[in-house]
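In case you want the letters, here they are:
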Amino acid sequence: MKYNELIKNRSLRHTQVSVYKEESIGIEDALYIEFLRDNNGGYFYTNSLLLFGFSEKQEQFNILHMNDLYKKYYANLVDGLYFFGQDIFGNGFAFENESIVFFNMESGQKDVLASSFIEWLEVLYNDLDYYTGESLVSELNDDERKELTINKRLSPKYPFVLGGEYDINNLVLKNYIENISYNSSIAKQVYGLPAGSKIEIKIE
């Protein structure tokens with residue numbers, strides 16, 4: 001079962017747990033709620049995949065804090081989304097109505113992946129490196145790998161949406177709030193533009 005495979009590949013269990021209150025997130029997916037209750041989220045696949053949980057600290061692991069941040073910086077682009085995790089770059093996985101979507105934080109684009117947490121696990125494992133970015137971790141040193149769990153994600157020096165390479169030479173570790181702010185600025189400028197449109201990106 002893919003659920004057991006996920007748990008087996010945990011790289012860090014988060015221990016700063018606050019009281020779990022199901023109504024605080026409003027998600028009804030039974031397997032996801034079981035996962036959250038039993039595991040409180042965690043870091044998986046060498047810290048490339050982060051599934052949010054509850055924490056006594058306001059940090060990138062905290063599901064309530066992270067959803068507040070997405071709403072603050074992306075505004076109407078994330079209406080109706082409830083984020084439960086992110087890949088190595090900070091791209092989000094979120095519940096939306098009866099679906100689970102992949103939210104591209106540079107473009108604001110949403111792609112429907114599944115209709116439930118168990119289906120999402122199937123999609124994840126069908127293209128694991130694409131949805132986690134784990135292969136890039138092997139090019140980081142031990143300190144950098146650890147930093148992925150200390151409020152940082154990888155961010156492109158030259159945005160992917162402008163043709164930047166998915167290569168370690170184009171990547172830098174960036175504080176998670178700075179990463180969300182940086183990418184939301186890009187997303188608000190390119191969202192809804194036809195493919196191939198010429199645009200001058202301004203980074204605040």
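Remember, it's a predicted structure, so these values are computed and weren't measured experimentally.

## Brief notes about the overall build of the protein chain
Within the protein chain, the regular secondary structure consists of seven helices and nine strands. Looking at the 204 residues of the protein chain, the share that counts as buried comes to 52%. Counted over contacts in the protein chain with a minimum sequence separation of 6, partners at least 24 positions apart contribute 53%. Entry remark: accessible area of the protein chain is about 10100 Å², with carbon and sulfur atoms responsible for 46%.

## So, the pairing of strand β8 (residues 152-156)
Within β8, four of the five residues are buried, which leaves it mostly tucked inside the rest of the structure. Sheet topology places β8 next to strand β9 (residues 171-175); five bridges connect them, and they run antiparallel. Following the sheet pairing, serine 155 is matched in β9 by valine 172.

## Re the nonpolar core
Ile25, Tyr32, Tyr74, Phe84, Phe117 and Trp120 are the most contacted members of the largest nonpolar core, which totals 50 residues. With six residues, the top contributor of residues to this core is helix α3 (residues 63-74). If near-sequence neighbours (up to four positions away) are discounted, isoleucine 25 is found in contact with Tyr32, Ile33, Leu36, Phe54, Ile63, Leu64 and Tyr82. Among the nonpolar cores identified, the runner-up in size contains 11 residues, and Ile88, Val137, Leu148 and Ile168 belong to it.

## Structural notes on a nonpolar patch on the surface
On the surface, a cluster of nonpolar side chains totalling about 250 Å² of accessible area is made up of Tyr158, Val161 and Leu162. Looking at where tyrosine 158 falls in the secondary structure, it is placed in the loop between β8 and β9.

## Here's the deal with the sheet that holds strand β4 (residues 82-86)
Across the sheet, seven strands lie side by side as β1-β2-β3-β4-β5-β6-β7; this open sheet has antiparallel pairing. For this open sheet the edge positions go to β1 (10-12) and β7 (110-114), each flanked by a neighbour on one side alone. On average, each strand axis in the sheet is tilted by 35 degrees relative to the strand beside it, whichever way the strands run. As paired elements, strand β2 (residues 42-44) and strand β3 (residues 49-51) share three bridges and run antiparallel to each other. Paired with glycine 42 across the strands is leucine 51, a residue of β3. Here helix α4 (residues 117-126) sits on the sheet in contact with β3, β4, β5 (92-96), β6 (99-103) and β7, set at roughly 105 degrees to β7.

## Considering the pairing of β4
When you tally the buried positions in β4, you get five out of five residues, the bulk of the element. Where β3 lies against β4, two bridges are found, and the strand directions are antiparallel. Opposite leucine 51, over in β4, you have glycine 85 as the bridge partner. Pairing of β4 with β5, which is carried by four bridges, proceeds in the antiparallel orientation. Paired with glycine 85 across the strands is phenylalanine 93, a residue of β5. Joining the antiparallel neighbours β4 and β5 is a turn of five residues, in which glycine 90 adopts a positive phi near 100 degrees.

## Some remarks on the packing of aromatic side chains
In the structure shown here, the tally under the stated rule is 27 aromatic pairs. Geometrically, the ring pair formed by phenylalanine 84 and phenylalanine 93 is tilted, given 6.3 Å between the ring centres and 35 degrees between the ring planes. Phenylalanine 84 gets classed as buried once you look at its relative accessible area, which sits at 0%. Both rings, one in phenylalanine 93 and one in phenylalanine 102, keep their centres 5.5 Å apart while their planes meet at 50 degrees; by these two values the pair is tilted. Summarising the burial analysis for this pair, phenylalanine 93 and phenylalanine 102 share the class buried.

## As for α3
For α3, which comprises 12 residues, the first-to-last C-alpha distance of 16 Å matches the rise-based estimate of 16 Å (1.5 Å per residue) to within 8%. The complete set of buried residues in α3 reads Ile63, His65, Met66, Asn67, Leu69, Tyr70, Tyr73 and Tyr74. Looking at the buried residues of α3, the elements they touch are α2 (30-39), β4, β5, β6 and α7 (176-190). At the N-terminal end of α3, a side-chain oxygen is found 3.0 Å from the backbone nitrogen of leucine 64, two or three residues along, and the residue is asparagine 62. Of the residues trailing α3, alanine 75 is marked for its positive phi of about 50 degrees.

Criteria and thresholds
- Residues numbered from 1 in each chain as written.
- Predicted model: local features only at pLDDT ≥ 70, side-chain atom pairs only at ≥ 80, totals over all residues.
- Heavy atoms only, no water.
- Helix = DSSP H or I, 4+ residues; strand = E, 2+ residues; numbered from the N terminus.
- Buried < 20%, exposed > 50% of the residue type's maximum accessible area, 1.4 Å probe, protein only.
- Contact = heavy atoms within 4.5 Å.
- Areas by Shrake-Rupley, 256 points an atom, 1.4 Å probe, with all protein chains shown as cover.
- Pairing = 2+ DSSP bridges.
- Core = buried A, V, L, I, M, F, W, Y, C linked by side-chain atoms within 4.5 Å.
- Patch = residues over 30% accessible without salt bridge, like charges linked within 9 Å, V, L, I, M, F, W, Y side chains within 5 Å.
- Salt bridge = Lys/Arg side-chain N within 4 Å of Asp/Glu carboxyl O.
- Axes fitted to C-alpha atoms, helices over the stretch in contact; angles between N-to-C directions.
- Phe/Tyr/Trp six-rings, centres within 6.5 Å; stacked < 30°, edge-to-face > 60°.
- Expected span 1.5 Å × (residues − 1).
- Polar contact = N/O pair within 3.5 Å; in protein donor to acceptor, adjacent residues only side chain to side chain.

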